[in-house]
Amino acid sequence: FVQEVFASVTKDLGLLVVALGLGLFVGSLGYGRLGRKDHGLRTIFACILGAGVVLSGFVLTVIHLPNLLLAMGLVFVLGLVVSPVMVISNTMVHQLTDNSMRGKVFSSLEVVVHLAFLTSMMVTAPLADRLGSVKILLGVSLFLVLIGIGGLAKVYGQDRRA
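Residues numbered from 1 in each chain as written. Predicted model: local features only at pLDDT ≥ 70, side-chain atom pairs only at ≥ 80, totals over all residues. Heavy atoms only, no water.

Caption draft 1: How the structure looks around helix H2 (residues 11-34). Over its 24 residues, H2 runs 34 Å from end to end, which matches the ideal 34 Å to within 8%, given 1.5 Å per residue. Taken together, the buried positions of H2 are Asp 12, Leu 16, Ala 19, Gly 23, Gly 27 and Tyr 31. Looking at the packing, one finds that the buried side of H2 touches helix H1 (2-6), helix H3 (40-64) and helix H4 (68-96). (Helix = DSSP H or I, 4+ residues; strand = E, 2+ residues; numbered from the N terminus. Expected span 1.5 Å × (residues − 1). Buried < 20%, exposed > 50% of the residue type's maximum accessible area, 1.4 Å probe, protein only. Contact = heavy atoms within 4.5 Å.)

Caption draft 2: Quick peek at the packing of H4 against helix H5 (residues 102-131). Across the interface, H4 lies against H5 with an axial gap of 10 Å and an inter-helix angle of 150°. The way H4 lies across H5 gives a crossing that is right-handed. On H5, the residues touching Asn 90, Val 93 and His 94 of H4 are Arg 102, Val 105, Phe 106 and Leu 109. For the contact of H4 with H5, the per-class residue count stands at four nonpolar, two polar and one charged. (Axes fitted to C-alpha atoms, helices over the stretch in contact; angles between N-to-C directions. Left-handed = near helix turned anticlockwise from the far one by under 90°. Nonpolar A, V, L, I, M, F, W, Y, C, P; charged D, E, K, R; others polar.)

Caption draft 3: Representation of the nonpolar core in the model. Counting residues in each nonpolar core, the largest one holds 11 residues, listed as Phe 1, Val 2, Phe 6, Leu 16, Leu 55, Phe 58, Val 59, Val 62, Ala 71, Leu 74 and Val 75. Take this core: its biggest share by element is four residues, from H3. If sequence neighbours within four positions are ignored, Leu 55 has contacts with Leu 78, Leu 137, Val 140, Ser 141 and Leu 144. Counting five residues, the second largest nonpolar core, distinct from the first, contains Cys 47, Val 54, Leu 78 and Val 81. (Core = buried A, V, L, I, M, F, W, Y, C linked by side-chain atoms within 4.5 Å.)

So, in structure tokens, the structure goes:
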């Protein structure tokens, strides 16, 4: 998608990955400093919802206005929004795992993450050829928004019953 819109090979993609990594780093530092520990699930689902909104905004903006600096800013914001999910999930795994099993659990977690990435690439690549990368990205955005809304509704529903 990025290579098509910016008509480049890898330079622009590399710059966007750097912006995303910087957003993840700054977001992790910010969440570590300012985040509340008692709202983990709420934060995860709110960030998933936010990631869907930001991703769709990125796709629609870059299609209509292919400006690299603007795209880098949006990808940086995406990193900021997604970083609490990574921090919270890793923290939960640390808290719920016995000390003697942490190495095994985290290495297994890496295998699962990489397998999920490869599987999603194998599924979406042929779909992107048929539907187009824009529709795939907007579909993923919609999926993230629905997961975020559904998760928040469930978490807030449980809070009201308690």
